[in-house]
Amino acid sequence: MVAGVRTPEPVAKIQVQFPEVYRQLQDVRRTLEGHFKDMQDFEFTVEEGRLFMLQTRNGKRTGLAAVRIAVEMVKEKLIKPDDAVRRIPADSLSQLLAPVFDARARKTAEVIARGLPAGPGAATGQIYFQANEAEAAAHKGAKVLLVRVETSPEDIRGMLAAEGILTARGGVSSHAALVARQMGKVCVCGASDLQIDYSTGTLTVRGKHYRKGDFLSIDGTSGEIFAGEVKTSPSDIVRVLVDKDIQGADSPTYKMFAQLMQWADQRRKLEVRANADQPDQVEHAVAFGAQGVGLCRTEHMFFEGHRIDYVRQMILAENADERNHALAKLLPEQRSDFVGIFKALGGRPATIRFLDPPLHEFLPHEESAQRDLAEKLGISADRIARRVKELHEFNPMLGHRGCRLGIVYPEISEMQARAVFEAAAEVQASGMKVRPEIMIPLVGFPKELELQLEVVHRVANTVQKERNVKISYLVGTMIEVPRACVVADEIAKSAQFFSFGTNDLTQTSLGMSRDDAGSFLPRYQEEEIVRQNPFAVLDQVGVGKLMETAVRLGRSVRKDIKLGICGEHGGDPDSVKFCHRLGLNYVSCSPFRLPVARLAAAQAALKD
Ligand code: PEP
Ligand code: MG
């Protein structure tokens, strides 16, 4: 029986045959649980009517069981709330927030391939390879999985419409992974056995073909990909806080979760913020306990409705006049986004990052799409093709991106600053507090920040005069290249806050592409060159030392500089604990990771 080769009867059945043994067993159970103050997994034998105890140990448990056991043991006064907070593995909370597969259906499901677990939970649906087709099918009521070689900002709407996202290429901080987590979507990425043929709409896995519309299922907690439709059920906590189709008071799981979160919040010192760039994401984040937005990636707002056309006009502009004309059309759109975000935040701070990705990401690369765009904009397809060629970069991650965009095209930063301050003025006029924090990406030289600061302050002054208001705001920078860490004292002279962009900081300090590392990282882990994926769990020894340097240097110049982290590590328990030890003020992560971050932060505080 211990080996698991026989199916046991329920223990309570002993009661019939050996009532005295059963009574003794209950006594022993109470004694053991009282002594170890934890749920026990014990072995016993009954020989000639006599009970013998063989072994006992703390029992293994699922995330939900861990929460229930701890919360109930506090109620029974067996342990203290501190013990409950300490004992529950912070990561296990993500199990409570994710949809799960029906246990029986999962057992019989066929695993066809594996990828990286990038957005926890279970998802099932019909596969679509194009974002617009996924979106159209979802609007007709289908459950959809978006399957791509990799995703780009253009796929956002398809990702939003899908139950889950599956990619063949890219690591856990690839576009697909981080956007999926931010949306609370299930995601498996970097499944390199998938061969995707967009032209025929087929996915081939080890000789087997799956066509557009076929069902697949993915487990974003384990990285498994299953053939066919595997039944799933949603999380109670998400139903209470996001879907709002059940009441907290009616869900025992939600009540336990809320109790645990209250204990965690009473203990943690780190603040928690969310990476969110849409008003509804911000609402979810606040429901999950966000004390602000730690990263609003403004480029994610460039795809909604007509905006992408204006963005493309801006990129295709041949001179500053044309560019300004396109930016003027983008301004009201950005402004209304910020109004929505500020309102959803209800007075909490919002760190808004200016445009970061290289411009080629916003233009269509396929000839037919270029022709469509040319027709729409009334320009020649050749001009578009030429611009795409001009913008081509061998290594876009180290190319014309980040603050380099705002320096070469200051009018882009001007428009973004204006959108922020006009939105702030508007929301403030309605009686709500607004706390914008403008963040400049990819700074390595103090002068880069100074040039962008000049733009931001100039626009802030103009808008404040125009509207006759006073807006309190901060301007700071991301710290995401090694140079920024080692000259942090120089940068802190003009930065009011630092936010560690540990996705890029890991990429640039390890010289390891965040999108391509999947091809060799598993081997690196096998060889124990790295213990964990450094894009998921912070490399404390290396990248952490750079962060430590930046914290020390930054504080040496500006004692009260506000320090945070907004890379994906902000939702990883070990990395959160490291941030606590570094003395950061906050961690920022995707809305659905917030409970994990809250618990990890409390655990770190209890260690002090
Ligand atoms: C980062 O680099 O850690 C970051 C948050 O920015 P992004 O992921 O958008 O590059
Ligand atoms: Mg970055």
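Residues numbered from 1 in each chain as written. Chains lettered and ligands numbered in written order. Predicted model: local features only at pLDDT ≥ 70, side-chain atom pairs only at ≥ 80, totals over all residues. Heavy atoms only, no water.

Draft legend 1. A look at helix α18 (residues 410-429). The end-to-end C-alpha distance of α18, which contains 20 residues, comes to 28 Å, matching closely the 28 Å that a straight helix rising 1.5 Å per residue would cover. Among the 20 residues that make up α18, 14 are buried, leaving the element largely enclosed by the rest of the structure. Just past α18, the residue glycine 431 takes up positive phi, approximately 100°. (Helix = DSSP H or I, 4+ residues; strand = E, 2+ residues; numbered from the N terminus. Expected span 1.5 Å × (residues − 1). Buried < 20%, exposed > 50% of the residue type's maximum accessible area, 1.4 Å probe, protein only.)

Draft legend 2. Highlighting the site of ligand 1. Around ligand 1 lies a shell of 15 residues, among which Arg297, Arg353, Gly501, Asn503 and Arg514 are the nearest. Only β17 (293-297) and α22 (502-510) provide two or more residues apiece to the shell around ligand 1. Here the shell around ligand 1 gets 3 residues from one element, more than from any other, and that element is α22. In the shell around ligand 1, the residues fall into 4 nonpolar, 4 polar and 7 charged. (Near = heavy atom within 4 Å. Nonpolar A, V, L, I, M, F, W, Y, C, P; charged D, E, K, R; others polar.)

Draft legend 3. Local environment of the coordination of the magnesium ion (ligand 2). Only Glu480 (OE) and Asp504 (OD) from the protein reach the magnesium ion (ligand 2) as donors, at distances of 2.0 to 2.2 Å. Residue glutamate 480 is found in the loop between β20 (474-479) and α20 (482-486), and its partner aspartate 504 is found in helix α22; the two are separated by 24 residues along the sequence. For glutamate 480, a relative accessible area of 2% puts it in the buried group. Look at aspartate 504 and you get buried, because its relative accessible area is 3%. (Donors = N, O, S within 2.8 Å, 3.2 Å for Na, K, Ca; no water.)

Draft legend 4. Up close: the pattern of salt bridges. Considering all chains together, one arrives at 48 salt bridges under this definition. When the shortest N-O distance is used, the salt bridge between arginine 169 and glutamate 150 registers 2.9 Å. One end of the pair, arginine 169, is in the loop between β8 (164-167) and α9 (175-183); the other, glutamate 150, is in the loop between β7 (144-148) and α8 (156-161), and 19 residues separate them in sequence. You can call glutamate 150 partly exposed: its relative accessible area is 36%. (Salt bridge = Lys/Arg side-chain N within 4 Å of Asp/Glu carboxyl O.)

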